[in-house]
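Structural characterization, general
Take a look at the letters that make up each chain.
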Amino acid sequence: MKEIIKKAEILVDALPYITKFSGKTFVIKYGGAAQTKDELKNSFAKDVVMLNYIGIRTVIVHGGGPKISATMEKMGKKPEFIHGQRVTDQETMDIVEMVLGGLINKEIVSLVSRHGGKAVGLSGKDGGLIKARKKTIKKVTPETGVSEIIDLGLVGEVTLIEPGLIDSLDKAGFIPVIAPIGVGPHGETLNINADFVAAAIASALKAEKLILLTDVPGLLDKKGNILSTLKKGQIAKLIKDGTISGGMLPKVQSCLSVLESGVNKTHIVDGRVPHCLLLEIFTKEGIGTEIVL
Ligand SMILES: Nc1ncnc2c1ncn2[C@@H]1O[C@H](COP(=O)(O)OP(=O)(O)OP(=O)(O)O)[C@@H](O)[C@H]1O
Ligand SMILES: [Mg+2]
């Protein structure tokens with residue numbers, strides 16, 4: 001008897017969060033690095049379905065880095081990254097589109113459907129959802145201080161999110177699952193880091209939260225300890241001294257940009273922990289790193 005009462009208590013503990021967040025929008029970035037074991041994928045999908053049933057509107061944006069790299073290698077191409085972003089020639093773009101827009105996107109849609117949710121898979125091409133332009137980055141050689149412009153190929157940055165399609169899907173009770181592929185001004189297909197897409201969508205939808213699920217416990221310091229809360233002012237130093245690098249760079253940049261556009265909270269969470277979403281949302285302690293202004 002005690003045990004069932006305990007279960008009821010656990011459910012009731014979630015009540016303040018349910019009342020606070022019901023009707024609000026959460027944008028969840030499901031990183032490729034966290035899409036590992038079947039058990040975890042199922043627990044992610046169950047969490048998403050549950051959030052929807054209690055009235056939290058979820059929009060899923062997914063990555064797929066490891067699977068894209070593995071497919072490239074199978075096809076005899078060597079993946080290359082600069083500042084955590086994939087250098088993308090036309091052949092790589094075709095692979096990105098097949099793997100992200102096809103394989104991974106539909107896998108997530110099926111998982112959510114299997115657990116009772118109604119998911120619809122999209123890429124930024126559908127309904128003109130993600131408009132983008134080609135992105136170039138500046139690289140400074142530390143020894144000489146000389147900066148050069150680096151062409152990443154068909155890598156894009158978001159210029160505009162047209163949220164009309166997401167709103168229509170939401171009204172009809174569907175959960176959008178979005179592959180981070182954008183359309184350039186001349187109709188070209190552009191590969192965009194999924195963290196940036198999730199951020200742009202969170203800002204466009206005036207979301208309550210942006211949650212980034214990845215394959216580390218959160219933002220780690222030099223010793224590998226998790227930083228539970230990080231303020232905007234602390235970030236520049238951590239980038240400069242190399243603590244934040246590679247795939248973590250777009251995440252912190254995304255968190256900062258959405259906070260400035262009015263999104264309330266941002267979280268970097270370990271997607272390898274079963275039910276990490278529920279733990280982050282419905283407990284006071286939360287897990288992972290919270291970035292605040
Ligand atoms: N300070 C840091 N703390 C934690 N992780 C860091 C840090 N600096 C760099 N990283 C790296 O960032 C990685 C996470 O980003 P990565 O782009 O690899 O995955 P993802 O964004 O979850 O997946 P995808 O790119 O497929 O969407 C970690 O695995 C880690 O290697
Ligand atoms: Mg990444």
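It should be noted that the structure appears before, not after, this text.
Criteria and cut-off values
Residues numbered from 1 in each chain as written. Chains lettered and ligands numbered in written order. Predicted model: local features only at pLDDT ≥ 70, side-chain atom pairs only at ≥ 80, totals over all residues. Heavy atoms only, no water. Salt bridge = Lys/Arg side-chain N within 4 Å of Asp/Glu carboxyl O. Helix = DSSP H or I, 4+ residues; strand = E, 2+ residues; numbered from the N terminus. Buried < 20%, exposed > 50% of the residue type's maximum accessible area, 1.4 Å probe, protein only. Near = heavy atom within 4 Å. Polar contact = N/O pair within 3.5 Å; in protein donor to acceptor, adjacent residues only side chain to side chain. Areas by Shrake-Rupley, 256 points an atom, 1.4 Å probe, with all protein chains shown as cover. Nonpolar A, V, L, I, M, F, W, Y, C, P; charged D, E, K, R; others polar.

The subject of this paragraph is the pattern of salt bridges. Taken as a whole and assessed by the stated rule, the structure comprises 15 salt bridges. Note that Lys67 is salt-bridged to Glu107, the shortest N-O span being 4.0 Å. Residue Lys67 is located in helix H4 (residues 65-74), and its partner Glu107 is located in helix H5 (residues 90-114); the two are separated by 40 residues in the primary sequence. In this structure Lys67 comes out as partly exposed when scored by relative accessible area, which is 34%. Between Lys131 and Glu162 there is a salt bridge, and its shortest N-O distance comes to 3.7 Å. Taken as a pair, Lys131 in strand S6 (residues 130-140) and Glu162 in the loop between strand S7 (147-161) and helix H6 (164-171) lie far apart in primary sequence, 31 residues in all. Residue classification places Lys131 among the partly exposed residues on the basis of a relative accessible area of 32%. Salt bridges sharing common partners tie together Lys29, Asp195 and Lys251.

A separate point is the site of ligand 1. Near ligand 1 there are 21 residues, and of these Lys29, Gly65, Thr214, Asp215 and Lys251 occur at the shortest range. Interatomic distance of 2.7 Å between a side-chain N/O atom of Lys29 and an oxygen atom of ligand 1. Between Met248 and ligand 1, the recorded distance is 3.4 Å, taken from a backbone N or O atom to an oxygen atom. Starting from 650 Å² of accessible surface for ligand 1 in isolation, the protein chains cover 77%. Mapped by element, the contributors of at least two residues to the shell around ligand 1 are H4, strand S11 (209-214) and helix H9 (248-260). Per-class residue counts for the shell around ligand 1 are 8 nonpolar, 10 polar and 3 charged.

These results come straight from atomic positions and should not be treated as a statement about function.
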